[in-house]
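# Residue-level structure breakdown
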Amino acid sequence: MTPTVHVLPFEQHLVELENKITELRALSESSFLDLSAEIETLTQKLNASRCETYQCLTPWQVTQIARHPQRPRTLSYLERLFHDFVELHGGRQFPDDNAIVCGLATFHGEPVVVVGHQKGKDTEDNIYRNFGMPHPEGYRKALRVMKLANKFGRPIITFVDTPGAYPGLEAEERGQAEAIARNCLEMSFFQVPVVVVIVGEGGSGGAVALGVGDAVIMLEYAIYSVISPEGCASILWKDASRAEDAATALKLTSQDLLKFGVIDEVVTEPVGGAHRDFETTAQNIEKAIAKYLALLKPMSVEELQQRRQAKYRQMGIYTDQK
Amino acid sequence: MGWFAKTRRNIIPSNVWEKCKRCEEAIYRKDLEKNFWVCQKCDYHFALPNLDRINLLADEGTFEEFDAALASDDPLQFQGVVPYRERLKKSQAKTLVKEAITTGYAKICGLPVVLAVFNFDFMGGSMGSVVGEKIVRACENAIQRRHPFVLVSTSGGARMDEGILSLMQMIKTGMAVARLSMERIPFISFLADPTTGGVTASVAMLGDVILAEPGALIGFAGPRVIEQTIKQTLPKGFQRAEFLKEKGVIDMVVHRSQAKNTVGKILRFFA
């Protein structure tokens, strides 16, 4: 039996329909009544209703999907899109950081390096993964492994899914800010193609530290923001419960980011969100990665670097009031 | 002290006495000015307005500003309690500048540099599109002129009102520093109170040499966020310049009276 899907607050009306369908099914099985017409009608109604709900999601609803506890994680994609994964744990300076996974793998038969934030699949796993919030050593491990790719001319694929870099005592002592800054600097001059996939939460600096790439693609219901809606709300209104308003103000959805030119492509998710269909989501991502690798791999180092620099050089909107 | 002569402090109605924020000693304002706005009793470093900072570091009459006309737009049409556009106007009226950083050419101890100084009075020195652009242009100027780059940071981090575009400035400025590095242009990063968030986690922490003022709060996350996360009271002095020197995060803690000389000494090494 498939485990029950965690229901988001705005999906309640869909659950009621689902329950009714289940009831009818049970009834038709136990009573030999032919209810298939009713079931069919209700199923169509459910699908239409779900489509409708998912067509006009508010930014806050998107945020809830991006944070869905059953949403596929980096390791879910690693299993589905890559082969021969060899995880590398050594940052060389501090103990391993389980909030980031990285290693060697093959994608469509070609060797690549994969790096990503890893959130947990349940409470216990989340504690092990620190809820996907890395310490500096996590970013330094990621950098060390990405440098291997750079040294041996292998493309880098990163998966972004973090509430943010961990705001803790030891993290500060060991230079969280420097670790993030260093990754930005180094990633901007890699000589190999870098494809960034934002799959869940792109939480501020903690996301940026794995987010510099030649192509940045984003799942339809992922978010990417300078601050969490809750953080923004508590600064603006001194009230974290106004996160819904903050989510709207921050313009953090994939469509917004596409408009700002921060991402290159929105990767569609199955209706109902990635957590309802890992396979389709993974296949959609796979196609996008393959497309960008095919575009980037023939480029010379100079072309690649020039293109990447030009892209980030022009980011920002301002006026010259001379 | 000549370097205070033309500062904007003049437009603020002057008080004869100032109270030290740490030891609460009443200090004669003129004495405080002579002492670089450092308390003579407890060495507390008062916040130094952006122009005073330029005057403190740059040789008299050498500073020539770049890009003073760059101003922020409102790309998100950001609606907070007060709309972003209004907040910008207010800050511009208060500080008489267009944005939260001043960049330009200067000489320090006779050596030419490109100098950039954050302005904390302008929306907490936050980094949006203009601050990012001005830092990048300053770096490009430094490369073109083959002058070292000196950056003094006081900033609350990335500017929320410009959302993702502020976040992208971390990458953009990091990339500019990478170019400085490739061109072998020295970069001295000087951190004043406070330097936090996206500015620390990008350009500020990438200096070839990183200096900080005594007592300056420097960090990625703010102390309140950390306390809420770990549910503990933070130790005394946590995230202060001295603590970070002890942890090896920064290179040196420099008293304000020694700031110019120290920067000069480091510049001479690279010159």
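About the cut-offs
Here the residue numbers are simple positions, counted from 1 along each chain's written sequence. The lettering of chains begins at A and the numbering of ligands begins at 1, in the order of writing. Totals for whole chains, interfaces and linings use all residues, but because this is a predicted model, local features are given only for residues with pLDDT of at least 70 and pairs of side-chain atoms are given and counted only at 80 or more. Only hydrogens and water are removed before side-chain values are computed, so all heavy atoms of the structure are retained for them. Salt bridge criterion: a side-chain nitrogen from Lys or Arg within 4 Å of a carboxyl oxygen from Asp or Glu. Helix and strand assignments come from DSSP, with helices taken as H or I runs of at least 4 residues and strands as E runs of at least 2, each series counted from the N terminus. The buried label applies to any residue whose accessible area, calculated with a 1.4 Å probe on protein chains only, is under 20% of its type's maximum; exposed applies above 50%, and partly exposed to all values in between. Where each domain begins and ends follows an automated or database-derived domain assignment. Any pair of residues with heavy atoms lying within 4.5 Å of one another is described as a contacting pair. Throughout, the accessible surface (probe 1.4 Å) given up by two parts as they are put together, summed over both, is called the buried area. Here a polar contact is recorded for every N or O atom pair within 3.5 Å, except that within protein the pair must consist of a potential hydrogen donor and a potential acceptor, and residues adjacent in sequence are included only if both atoms are side-chain atoms. Pairing between strands is defined by DSSP: at least two bridges between them are needed. Orientation is described by axes fitted as lines to C-alpha atoms, over the contacting stretch for helices, and by angles from 0 to 180 degrees between their N-to-C directions. Put simply, two rings from Phe, Tyr or Trp (the six-membered ring, in Trp's case) pair if the centres are within 6.5 Å, and we call them stacked under 30 degrees between planes, edge-to-face over 60, tilted for the rest. For a lysine, the NZ atom is tested; for an arginine, the CZ atom; a charge sits over a ring if that atom is within 6 Å of the ring centre and within 35 degrees of the ring normal.

## Looking at the pattern of salt bridges
Residues and elements named next belong to chain A. As enumerated under the stated definition, the model contains 41 salt bridges over all chains in all. Between E201 and K119 there is a salt bridge, with its nearest N and O atoms 2.7 Å apart. A residue pair is termed long-range when its members are at least 10 positions apart, and E201 in strand β5 (residues 194-203) and K119 in the loop between β3 (110-117) and α5 (123-128) qualify at 82 residues. In terms of burial, E201 and K119 fall into one category: buried.

## Here we look at the environment of R87 of chain B
All names here are of chain B. Summarising the element assignment, R87 is placed in helix α3 (residues 84-95). R87 gets classed as partly exposed once you look at its relative accessible area, which sits at 33%. Distance in space between the C-alpha atoms of R87 and D121 is 12 Å, their sequence separation being 34 residues.

## Some words on the domain arrangement of chain A
Residues and elements named next belong to chain A. Domains assigned within chain A are domain 1 (10-56) and domain 2 (63-313). Taken together, the six residues of domain 1 in the interface contact seven residues of domain 2. Both sides together, the interface formed by domain 1 and domain 2 hides about 570 Å², and carbon and sulfur atoms give 60% of it. Counting the surface domain 1 buries against domain 2, the share from its top three residues, F10, R50 and Y54, is 76%. Remark: the boundary between domain 1 and domain 2 carries two salt bridges.

## Section: the interface of chain B and chain A
Contacts between chain B and chain A engage 57 residues on the former and 49 residues on the latter. The junction of chain B with chain A conceals about 4,600 Å² of combined surface from both sides, 73% of it contributed by carbon and sulfur atoms. The largest contributions to the chain B side of the interface with chain A come from M160, M175 and F220 of chain B, which together make up 15% of the buried area. Taken together, the connections running from chain B to chain A amount to three salt bridges. Across the pair E140 of chain B and R313 of chain A runs a salt bridge, and its minimum N-O distance is 2.7 Å. Connecting chain B to chain A are 16 residue pairs in polar contact (both at pLDDT 80 or more). Two strands pair when backbone bridges link them, and strand β9 (residues 318-320) of chain A and strand β4 (residues 70-72) of chain B are joined in this way by three bridges, in the antiparallel orientation. Of the residues in β4 of chain B, the one forming a bridge with Y318 of chain A is S72 of chain B.

## A closer look at the sheet that holds strand β7 (residues 149-155) of chain B
Residues and elements named next belong to chain B. Pairing is mixed in the open sheet, where seven strands are placed in the order β3-β5-β6-β7-β8-β9-β10. What marks the edges here is a single partner per strand, and that holds for β3 (64-66) and β10 (252-253). Bridge analysis of strand β8 (residues 187-195) against strand β9 (residues 209-212) gives four bridges, and the strand direction is parallel. From the neighbouring strand, I188 faces β9, where its bridge partner is V209. Sheet strands touched by helix α4 (residues 129-145): β3, β5 (101-108), β6 (111-118) and β7. Its angle to β5, the strand with the most contacts, is close to 25°.

## As for the packing of aromatic side chains
As enumerated under the stated definition, the model contains eleven aromatic pairs over all chains in all. Their ring planes at 55° and their centres at 5.5 Å tell us that W17 of chain B and Y28 of chain B sit as a pair that is tilted. Here W17 of chain B is found in strand β1 (residues 17-19), whereas its partner Y28 of chain B is found in strand β2 (residues 26-28), with eleven residues between them in sequence. You can call W17 of chain B exposed: its relative accessible area is 53%. Centroid distance W37 of chain B to F46 of chain B: 5.9 Å. Interplanar angle 70°. Geometry classified as edge-to-face. Using a relative accessible area of 2% as the deciding quantity, one classes W37 of chain B as buried. By way of ring pairs, the aromatic residues Y77, F82, F107 and F159 of chain A are connected into one cluster. Directly above the ring of F94 of chain A sits R174 of chain A, whose terminal nitrogen or CZ lies 4.7 Å from the centroid. Lying over the aromatic face of W237 of chain A, R242 of chain A brings its terminal NZ or CZ to 4.2 Å of the ring centre.

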